[in-house]
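So you can see what is in the structure, the chains are spelled out below.
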Amino acid sequence: MPRPRALQADEASLWLAVLLDYSFSDKNAQRAARLDLLGIAHDATAYPDDIPGWRLAELLLRWAEQYVPARDWQRLQARLRQRRRK
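Remember, predicted model here, so these are calculated numbers, not experimental data.

Peer 1: Got a minute to help me understand the nonpolar core in this structure?
Peer 2: Across soluble globular proteins, nonpolar side chains have a tendency to be buried as a group. One finds Trp15, Leu19, Leu60, Trp63, Val68 and Leu76 to be the most contacted residues of the largest nonpolar core, which totals 25 residues. Where this core is concerned, the elements lending two or more residues are helix H1 (12–25), helix H2 (31–46), helix H3 (53–67) and helix H4 (70–85). If one sorts the elements of this core by residue count, H3 sits on top with eight residues.

Peer 1: So what exactly am I meant to see when it comes to the pattern of salt bridges here?
Peer 2: Side chains that differ in charge, positive against negative, can pair when their charged atoms come close. All told, the structure shown has five salt bridges when counted by the stated rule. Of the charged contacts in the structure, one is a salt bridge between glutamate 58 and arginine 55, with a shortest N-O distance of 2.2 Å. With a gap of three residues between them, glutamate 58 and arginine 55 both fall in helix H3, about one helical turn apart. Judged by its relative accessible area of 35%, glutamate 58 falls in the partly exposed class. Where salt bridges share partners, they join Arg55, Glu58 and Arg62 into one cluster.

Peer 1: Help me understand the side chain of arginine 5, please; the structure alone is not making it clear to me.
Peer 2: Structurally, arginine 5 can be placed in the segment before H1. Within the buried set, arginine 5 has no salt-bridge partner at all; the shortest N-O distance to an opposite charge, 6.1 Å, is to glutamate 65. One polar contact links the side chain of arginine 5 to the main-chain carbonyl oxygen of alanine 64, over a distance of 2.7 Å. Separated by 2.7 Å, the side chain of arginine 5 and the backbone oxygen of valine 68 make a polar contact. Excluding its chain neighbours within four sequence positions, the residues that come into contact with arginine 5 are Leu61, Ala64, Glu65, Val68, Pro69, Ala70 and Trp73.

Reading the values: the criteria
Residues numbered from 1 in each chain as written. Predicted model: local features only at pLDDT ≥ 70, side-chain atom pairs only at ≥ 80, totals over all residues. Heavy atoms only, no water. Core = buried A, V, L, I, M, F, W, Y, C linked by side-chain atoms within 4.5 Å. Buried < 20%, exposed > 50% of the residue type's maximum accessible area, 1.4 Å probe, protein only. Helix = DSSP H or I, 4+ residues; strand = E, 2+ residues; numbered from the N terminus. Salt bridge = Lys/Arg side-chain N within 4 Å of Asp/Glu carboxyl O. Lys, Arg positive; Asp, Glu negative; His and termini not counted. Polar contact = N/O pair within 3.5 Å; in protein donor to acceptor, adjacent residues only side chain to side chain. Contact = heavy atoms within 4.5 Å.

Okay, structure coming up:
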């Protein structure tokens, strides 16, 4: 059984960037998925004091559980590790 997905609050902004890249590079991504993620990104950048890191992580995790298949999740985790090293 695979481990449950999780996002750390202090890495929420990194995850936002990774998920935005994923949603716009995936040709199979649904328009509704992109719009949902753009809404989260807008709120997180326009109102950063209103959305703490833990809440952003929670919103992104919920989005990922709904729109990111398990096989893609592994790749996204690898992308995050690469960004973390930079």
